[in-house]
Amino acid sequence: MNSLATLTLAQEGFPAAMSHLTLAHYLIVSAIMFVIGLVGFLTRRNLIIMFLCTELMFQAAGLALVAFGRYHMDFSGQTFVIFILTVAAAEAAMALALVVLLFRRKESLSAEEWKEMQG
Amino acid sequence: MILAALILIPLLGALLVAISPSGSSRSIAMMATLVALAVSVVAAVKFDYGQAQAMQFLAAVPWFDQLGITLSVGVDSIAGLLILLTTLLGPICIACSTTAITDRQKTYYAWFLVLQAAMTGVFASRDLILFYVCFEFTLIPMFILISLWGSTNRKRAAIKFFLYTFTGSVIALAGLVYVAWHHANMSGGVWTFDILTLKDSADNMSPTAQGWVLLALMAGFAVKVPLFPVHTWLPLAHTEAPTAGSVILAGVLLKLGTYAILRFVFAFAPAALVEYAPLLATLSIVGIIYGGLICWVQTDIKKLVAYSSVAHLGFCMLGMFALNGSGVLGAVLYMVNHGLSTGALFLLIGMVYERYHTRSMKELGGLASKMPVWSTFMVFFVMASVGLPGLNGFVSEFLCMKGAFQASSAWGSGVWNSVGGPLPGATVGNLGPWYAFIAGTGVIIAAMYLLYMTGKIVWGTLVEPAGHGHGHGTDAAHGSNGSHSTLPVDLNRREILTLVPLAALCLFLGVYPKPVINALTPAVSQAVRTVHENAATTRVPLATTHTPTGAEAHP
Amino acid sequence: MLHNLLASPVFAALAQHGDAAAHAPEAHATTAVLGAMRHAPSYFLLIALLPFLTFVLSGLCAAFRVKSKLPAWLTVASLAGSFLLTLKLFLTYFTGTDTAAVHVYGFEWLSFAFQNAGEKAFVSNFAFYIDSLTTLWMLFVTGLATLIALYSSEYMSADLGSGYNRYFAAFNLFVFSMSCLVMADNLLLLFLGWEGVGLCSYLLIGYFYKRPAAVAAAKKAFIMNRIGDLGLLTAIFTVFVVFGTVEYEKLFPMIAAGVDGAGNPISGGWVVKLIPLLLVMGAFGKSAQLFLYTWLPDAMEGPTPVSALIHAATMVTAGVFLIARMYPLFMADPSHTVLSVVAWGGAITALFAATIGMAYYDIKRVMGYSTVSQLGYMFAGLGVLGSAGGVFHVFTHAFFKATLFLCCGAVMHGFAGQLDLRKLSGVMKMKGWLICGLAMVVGCLNLAGFPFTAGFFSKDMILAQAFSTPCTLSGEHASGIAGAPFIGWILLLTAGMTAYYTFRVFFRVFLGPKEFEPGDEVHGHDDHAHDGHAHDGHGHDHGHAPAPAGHEHGKDHHGSHGDFHPHAPGWAMNFVMATCALLSLAAVAVYFIHTPGSHAHGGWVATMVGNSPAHVEAPHGGTFLGMDPHKVMYWVSGVVGGIGIMLAAVFQLFGRKHAATAPADKLFGVIPGLKSLHTAANSKWYVDEIYDFLIVRPLWVLSHIFHLIDQYIVDGIVNLFGAIPRLAGKAIRPLQSGETHGYALGMAGGLAVLLVIVIALSL
């Protein structure tokens with residue numbers, strides 16, 4: 001049984017220079033990206049910044065998927081990420097359009113202006 | 001195929017209504033319901049009455065093969081009769097909506113046709129899931145009909161109607177699925193939802209399990225009937241619904257519950273049914289008397305008739321829980337007869353409401369002098385509803401009470417022992433003379449409240465709502481004031497035409513019920529026999545499983 | 001296909017007949033009654049169907065707003081046809097030596113059989129079982145109906161074009177229902193007729209539907225009848241359970257053999273007590289006996305011809321018919337328990353109603369109470385094992401009571417609805433009223449039991465039997481009725497009272513000084529026949545009101561001879577009154593007619609009864625003060641009747657100067673307590689009030705309580721269940737702040753908590 005830390009990604013023709021990079025590295029980068037996104041989303045009030053933060057979290061998850069896919073030699077992970085990127089692009093377009101509309105309504109980008117869903 | 005046509009014709013009609021201009025929706029709906037009626041009459045003629053207990057006009061399309069769910073239809077004489085009732089009420093309801101529904105006609109007629117398709121589907125389906133889907137689907141059109149075209153309190157009534165009956169049916173679904181699961185277990189994992197197949201396996205179920213199945217199924221179906229004490233949605237829904245909605249509600253929707261009890265509780269929980277029949281019959285009797293007395297103190301005539309449904313359906317349920325031929329035959333006839341006479345009463349009340357915009361007995365009275373034709377019909381249908389012999393109500397009421405009266409193994413023993421053995425007219429069962437006698441007081445109460453209403457509304461000195469009186473013209477040409485300008489003082493030809501078929505049927509079923517009874521007896525007899533045979537094989541310790549020696553020995 | 005539909009009834013019928021042959025016990029026929037059933041051609045169904053046809057035609061007349069007397073003539077013609085057919089039936093089948101019942105088959109009504117379902121097949125056809133009892137009944141039903149239809153053609157003419165068609169439709173429906181009731185070949189068809197006559201009674205009592213009193217009376221009649229009907233219905237169920245059939249044809253042989261449908265003996269068991277008791281409940285409801293009587297006097301709100309036909313001659317005797325029809329079952333009980341109930345019920349009612357009749361001022365209601373009282377006589381007659389006497393009294397009563405009502409109706413018709421005997425006097429002496437007065441005399445003499453009238457003989461038969469039936473209830477000759485002689489004494493007392501109140505009406509209204517005060521029904525010359533439309537404001541629009549004179553007596557009091565002219569009866573009414581009077585005189589003849597081979601005491605009627613299952617060997621043994629009741633009762637009842645008439649003459653006629661005051665009134669001042677007794681009797685002994693207090697009010701309150709329970713408890717629980725999710729939602733609603741960051745923080749926090757849990761678990 002190999003533990004995560006000792007198993008290298010270099011198994012089948014992976015460039016030698018990269019061979020010391022393990023799965024853990026990728027996951028750590030992904031986690032850092034996610035936390036940055038999360039903290040940004042929680043702390044900022046600007047809609048565009050918040051949106052960027054969600055994208056950051058999104059891509060963090062994508063990175064983890066790619067890493068796992070490579071690690072297991074199962075390319076569903078990569079395939080899935082391609083889909084996510086496409087959907088994310090469409091979503092970004094939608095979201096920015098919405099932000100523009102919201103801005104037109106209140107002349108402000110602050111998320112606090114919008115609390116109509118209050119119960 | 002003919003059954004599929006009966007379901008599809010109204011659906012197609014609904015589609016047509018939806019895509020054609022609003023002005024023509026009524027005529028399209030009328031055409032669709034008339035075609036459906038014609039098709040169902042053709043079906044009634046083609047039906048093989050020699051095999052009335054067998055499912056006929058079979059058709060099936062696979063749906064979810066893995067679970068054994070198919071879109072399969074077929075009717076025996078009981079279901080066939082109820083489909084006839086449904087298709088008959090269709091055009092009548094469309095006709096009575098002519099002047100009553102003026103806004104959003106397209107939506108109204110489209111949903112109405114969908115409702116008819118769903119109701120037909122309930123009676124036609126041979127598959128549990130198809131049955132259940134149709135059973136629940138009736139709620140949506142009805143919800144819309146009540147909440148959009150009802151009277152003042154319509155929102156609340158619609159929501160209550162929907163949630164109450166829906167909650168009940170979900171529990172019933174659990175029971176139905178349990179039965180299918182039980183069957184799958186017994187037959188090595190092969191799932192099926194075919195009603196006839198499931199029926200044969202129910203007798204392997206333990207009495208306790210049957211008890212739970214009974215409880216679950218009754219939770220759904222008793223609400224629909226409605227049996228006391230789960231009836232309170234009914235008066236509200238009836239009172240608030242538009243006239244056609246009330247007619248359909250009383251005429252067909254309540255019958256979904258009684259029909260489902262006859263089909264499923266009889267088949268899936270026979271032993272438990274035999275055991276709990278006295279309890280259920282007692283609830284029915286409470287409904288008869290309690291509902292009847294409440295009718296007596298109503299001031300809103302529509303509410304009075306609504307509550308009378310609680311009392312009437314109590315008779316129907318009493319007959320059914322007698323679990324013998326007479327009782328069940330009476331119950332099935334009651335479903336039809338109540339649909340005709342109470343449906344007609346709602347139509348009549350609707351006609352008055354369209355003219356006076358009130359249903360209060362305090363504001364209306366003595367209409368006989370102003371609306372003699374209306375009054376004649378009113379008295380006729382009141383008498384049908386009271387159970388006057390010679391009209392339809394009596395036949396079914398008599399049979400239900402007779403069934404309950406006979407259904408006792410105590411006849412010929414105990415206090416009823418004259419000298420020797422069992423009595424020739426007694427049948428197997430757990431009820432007895434007291435049930436019929438106490439229910440019989442309901443007949444007196446029915447006379448009390450219905451004649452009270454007739455005395456107030458039809459007879460007496462003319463009372464009209466303030467501000468009405470002379471403003472209303474004496475005929476169609478002169479009566480041009482306000483929204484009801486098209487209506488004459490008394491009934492117009494269209495209104496008479498909607499009532500005449502119902503009156504004719506009431507009379508026919510009272511004077512010569514023979515064809516209908518002949519068609520029903522094989523099916524009823526089979527249902528009853530299955531209950532007692534299956535109950536006997538379950539070996540519940542009951543004192544009712546012997547057959548009197550004086551029983552009929554037919555070749 | 002369709003032929004399947006038709007094939008199965010035939011099968012069911014065949015199966016049923018085979019079954020009956022197998023099950024019917026050997027008929028130990030002691031009389032010709034249970035001889036071989038004969039079959040009559042089906043055109044005899046027309047006896048019932050002709051009136052039904054006319055009902056439909058009259059309905060069409062109403063639909064097409066016919067304004068002529070067409071429905072009346074149709075009715076008279078068809079009822080005459082029915083009568084002639086009945087007569088033919090009688091002459092064809094019941095004048096020879098074979099008096100077995102005749103069967104006329106119509107169609108299957110309510111019949112079914114369940115194969116292999118362990119249930120006895122039920123058969124109830126639309127078919128007639130006609131024996132001599134039935135024929136007797138049908139003869140006077142159709143005969144009187146024809147005459148009264150003729151009378152009505154004139155009496156109701158004021159309503160031409162409005163209620164005329166409706167009246168005759170209901171009238172015909174009544175005759176149809178009554179025919180079904182009497183001629184039915186099974187108990188269920190009898191029940192159809194039974195409820196049918198109830199409906200017609202409802203429609204006709206409520207004929208003047210604008211009067212609240214008429215509407216209330218109609219409703220009351222229907223509901224009180226229904227109480228009795230429940231008894232009858234239960235009896236039918238029990239008969240079916242015990243005997244396995246409701247058809248007389250199969251029922252009577254079993255009862256005659258004393259066995260139930262399974263061949264067990266019934267005598268001494270509950271069967272012969274319970275079923276008769278339930279039948280009595282039905283009979284007492286329909287015939288207004290004991291505590292179920294209150295609807296009948298109120299029923300006088302209907303048009304008078306209706307009162308004459310339905311509420312005097314025919315429908316109210318249906319209860320008597322029912323008991324006579326099922327008499328074998330009553331007789332199957334050797335201790336005669338239920339017959340004792342019938343006898344006592346009848347006797348008490350007879351006395352009770354007579355006391356009210358003595359105190360009432362409304363002449364039509366006096367006749368109403370008199371009907372209740374006479375019905376009591378009939379029941380007492382049946383109860384003391386004198387079925388012939390009871391039925392004979394039905395027969396004679398039908399004619400003379402119809403006569404009396406028609407005369408009262410003529411008075412009411414002529415004096416604008418006046419019925420108060422304190423406001424009418426000397427009517428017979430007025431122009432055009434002689435026939436009416438003479439008819440009234442005939443009716444009164446009959447009712448009072450004046451010697452050698454028909455009423456005298458029929459009443460005498462009952463009285464004599466009441467005394468001669470022994471009181472022995474147990475032991476070897478247990479064939480008596482509990483307390484039989486006391487029933488005789490009660491009836492004798494009632495006979496005297498009857499004579500008194502009958503002639504009280506006659507002496508005050510028809511004799512004495514000529515004086516009258518018209519009723520408050522005000523009409524023009526062409527519109528004077530309304531039976532009391534006055535209170536609805538209908539009558540005020542047209543016609544000319546008599547000048548109000550005598551204001552000191554209140555605004556309703558008019559001078560006796562204003563410009564009101566009493567309207568004497570026309571030819572049709574006079575003809576019918578005269579015919580009825582002659583018939584009630586002629587009815588005495590049947591007492592002396594004996595068909596060949598019959599020796600029954602009581603003549604033709606007794607022979608007819610004796611040839612039917614209602615036959616009974618009248619018991620002997622009792623005495624009247626040591627003498628043979630059958631010999632002395634002629635004298636005794638004659639004397640009692642005479643005393644009653646004398647008292648009436650003394651107190652109501654001699655020395656009476658005005659309509660309003662009679663010598664009897666002085667008695668109230670003289671004898672203390674009599675006044676209050678009179679008031680109580682005049683208030684019907686407050687029975688209606690007692691009902692109201694004991695039954696109606698509590699039920700009304702209970703209904704309201706139920707309604708509240710339904711709204712607040714039964715529905716309250718439902719709403720409570722509905723409220724649970726709503727309240728829960730309200731409780732957690734503040735969590736939804738609406739701020740994006742709040743939700744995000746919640747998500748992050750949730751994630752953190754999950755992480756902590758996962759880590760903690762994996763450690």
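Residues numbered from 1 in each chain as written. Chains lettered and ligands numbered in written order. Predicted model: local features only at pLDDT ≥ 70, side-chain atom pairs only at ≥ 80, totals over all residues. Heavy atoms only, no water.

(A) Seen up close, the packing of aromatic side chains. Under the definition given, this model contains 85 aromatic pairs over all chains. Considering the side-chain rings of B:Trp459 and C:Tyr209, the 5.5 Å spacing of their centres and the 40 degrees angle between planes classify their relative orientation as tilted. Of this pair, B:Trp459 sits in the loop between helix H17 (433-457) and helix H18 (493-511) while C:Tyr209 sits in the loop between helix H6 (187-205) and helix H7 (212-243), on two different chains. Both residues of the pair, B:Trp459 and C:Tyr209, belong to the buried class. Note on C:Tyr151 and C:Tyr155: the rings are 5.7 Å apart at their centroids and 20 degrees apart in plane angle, and the pair reads as stacked. Residue C:Tyr151 and its partner C:Tyr155 are located together in helix H4 (residues 132-155), separated by four residues, close to a single helical turn. Neither C:Tyr151 nor C:Tyr155 differs from the other in exposure class; each is buried. (Phe/Tyr/Trp six-rings, centres within 6.5 Å; stacked < 30°, edge-to-face > 60°. Helix = DSSP H or I, 4+ residues; strand = E, 2+ residues; numbered from the N terminus. Buried < 20%, exposed > 50% of the residue type's maximum accessible area, 1.4 Å probe, protein only.)

(B) Seen up close, the pairing of strand S1 (residues 56-64) of chain B. Residues and elements named next belong to chain B. As defined by bridge partners, S1 adjoins strand S2 (residues 69-75) across six bridges and the pair is classed as antiparallel. Note that in S2 the partner of Pro-62 across the bridge is Thr-70. Between S1 and the antiparallel strand that follows it, S2, lie four residues; Gly-68 among them carries a positive phi value of about 70 degrees. (Pairing = 2+ DSSP bridges.)

(C) Spatial organisation of the interface of chain C and chain B. Taken together, the contact between chain C and chain B spans 73 residues of the former and 85 residues of the latter. Inspection of the region where chain C meets chain B yields three salt bridges. On inspection of chain C and its partner chain B, the count reaches 20 residue pairs in polar contact (both at pLDDT 80 or more). Going through the elements one at a time, helix H1 (2-23), strand S2 (102-108), H6, H7, helix H9 (271-286) and helix H25 (687-732) of chain C are the ones with two or more residues in the side of chain C that touches chain B. No other element matches H7(C), which puts 15 residues into the side of chain C that touches chain B. Residues belonging to the side of chain C that touches chain B are distributed by class as follows: 44 nonpolar, 16 polar and 13 charged. (Contact = heavy atoms within 4.5 Å. Salt bridge = Lys/Arg side-chain N within 4 Å of Asp/Glu carboxyl O. Polar contact = N/O pair within 3.5 Å; in protein donor to acceptor, adjacent residues only side chain to side chain. Nonpolar A, V, L, I, M, F, W, Y, C, P; charged D, E, K, R; others polar.)

(D) Molecular detail of helix H16 (residues 392-406) of chain B. With 15 residues, H16(B) should cover 21 Å at 1.5 Å per step; its first-to-last C-alpha distance of 22 Å lies within 8% of that length. Of all the 15 residues making up H16(B), 15 are buried; the element is thus mostly covered by neighbouring parts of the structure. (Expected span 1.5 Å × (residues − 1).)

(E) Geometry of the packing of H4(C) against helix H11 (residues 304-313) of chain C. All names here are of chain C. Running from N to C, H4 and H11 point in directions that differ by 165 degrees, and their axes come no closer than 9 Å. With respect to each other, H4 and H11 are oriented roughly antiparallel. In this structure, the crossing between H4 and H11 has a hand that is right-handed. For the pair H4 and H11, contact is made by Phe-140, Leu-144, Ala-145, Ile-148, Tyr-151, Ser-152 and Tyr-155 and by Thr-304, Pro-305, Ala-308, Leu-309 and Ala-313, respectively. For the contact of H4 with H11, the class distribution of residues is ten nonpolar, two polar and no charged. (Axes fitted to C-alpha atoms, helices over the stretch in contact; angles between N-to-C directions. Parallel < 35°, antiparallel > 145°, perpendicular 65-115°, else oblique. Left-handed = near helix turned anticlockwise from the far one by under 90°.)

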